[in-house]
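Chain residues, written in single-letter form:
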Amino acid sequence: MANSAPKKHVSNAMGVDRIDLQILALLQGDGRMSNVELARRVNLSPSPCLERVRRLEAAGLISGYSARLDAAALGLGTSAFIQVTLDRTTAEVFDRFRDEVVLIPEVAECHMVAGGFDYLLKLRLSGMDAYRAVLARIVDLPGVAQTHTYVVIEAIKQDRGVPLGT
């Protein structure tokens, strides 16, 4: 009979145990959770719990804390993805593109990808007029040969963190 137990998503190479994974999952869901509440939820006393959180931070497993904002309520309810193909795939062109794209505030994410194009950008915009203005900046970036845009009609599932397998 095959083992149907779910696979762990996190390697134990960094000494991460079940309690660490619980701490990570809880903080990922609510970064404002007090240490006392966190300790209660993972069945530790507050002092050892805080030591674990500090160790996870020092190891780089917790890279920061933030709030999830409602983009639509802030006037940035239009999202678009842009595939970018560069004219050449050299280190210099990649570096120049990277150095410029990070300066565009509407670019929420930029990923170098393998496949039929070089980069996938996620934009947060106030509307189509803003999209046109940002697209004009993107097509003028160093090395850009071609773009394809996909405007989001409805977000079905958005990033809610790292799947920890807890």
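Residues numbered from 1 in each chain as written. Predicted model: local features only at pLDDT ≥ 70, side-chain atom pairs only at ≥ 80, totals over all residues. Heavy atoms only, no water.

Undergrad: Could you give me a rundown of the overall build of the protein, with the residues and numbers involved?
TA: Broken down by element type, the protein carries five helices and four strands. When the helices and strands of the protein are placed in sequence order, the string is α-α-α-β-α-β-β-α-β. The C-alpha atoms of the protein give 21 Å as radius of gyration, which overshoots the globular expectation for 166 residues (15 Å, by more than 25%). Burial status across the protein gives 30% buried among its 166 residues. Partitioning the contacts of the protein with sequence separation of at least 6, the portion at a separation of at least 24 is 64%. Here the protein displays about 11,300 Å² of accessible surface, and carbon together with sulfur accounts for 53% of that area. With 19 positive and 19 negative side-chain charges, the protein shows a separation of 8 Å between the mean positions of the two kinds. (Helix = DSSP H or I, 4+ residues; strand = E, 2+ residues; numbered from the N terminus. Rg over C-alpha atoms; globule rule 2.2 N^0.38 Å. Buried < 20%, exposed > 50% of the residue type's maximum accessible area, 1.4 Å probe, protein only. Contact = heavy atoms within 4.5 Å. Areas by Shrake-Rupley, 256 points an atom, 1.4 Å probe, with all protein chains shown as cover. Lys, Arg positive; Asp, Glu negative; His and termini not counted. Charge placed at Lys NZ, Arg CZ, Asp CG, Glu CD.)

Undergrad: Could you give an account of the environment of Ala136, with specific residues and numbers?
TA: Mapping Ala136 onto the fold places it in helix H5 (residues 128–139). Since its relative accessible area comes to 40%, Ala136 is described here as partly exposed. Along the chain, Ala136 and Val162 lie 26 residues apart, while their C-alpha atoms are 34 Å from each other.

Undergrad: So, the sheet that holds strand S3 (residues 119–125): which residues are in play, and what are the values?
TA: Strand order in the open sheet formed by four strands is S2-S3-S1-S4, with antiparallel pairing between adjacent strands. Each of the sheet's edge strands pairs with one partner strand only, and the pair in question is strand S2 (107–112) and strand S4 (144–151). The mean angle between the axes of side-by-side strands here comes to 20 degrees, regardless of whether they run parallel or antiparallel. Sheet strands in contact with H5 are strand S1 (78–86), S3 and S4, and its direction is about 160 degrees off that of S4. (Pairing = 2+ DSSP bridges. Axes fitted to C-alpha atoms, helices over the stretch in contact; angles between N-to-C directions.)

Undergrad: Would you mind going over the packing of helix H1 (residues 18–29) against helix H3 (residues 46–58) in detail, with residue names and values included?
TA: Viewed as axis vectors pointing N to C, H1 and H3 meet at an angle of 80 degrees, and their least axial separation amounts to 11 Å. Classified by the angle between their axes, H1 and H3 sit roughly perpendicular to one another. Residues Ile19, Asp20, Ile23, Leu24 and Leu27 of H1 form the contact with H3, whose participating residues are Cys49, Arg52, Val53, Arg55 and Leu56. (Parallel < 35°, antiparallel > 145°, perpendicular 65-115°, else oblique.)

Undergrad: Let's hear about H5: which residues, and what values?
TA: Compared with an ideal rise of 1.5 Å per residue, which puts 12 residues at 16 Å, H5 spans 16 Å between its outermost C-alpha atoms and is within 8% of the ideal. For H5, the elements touching its buried residues are S1, S3 and S4. (Expected span 1.5 Å × (residues − 1).)

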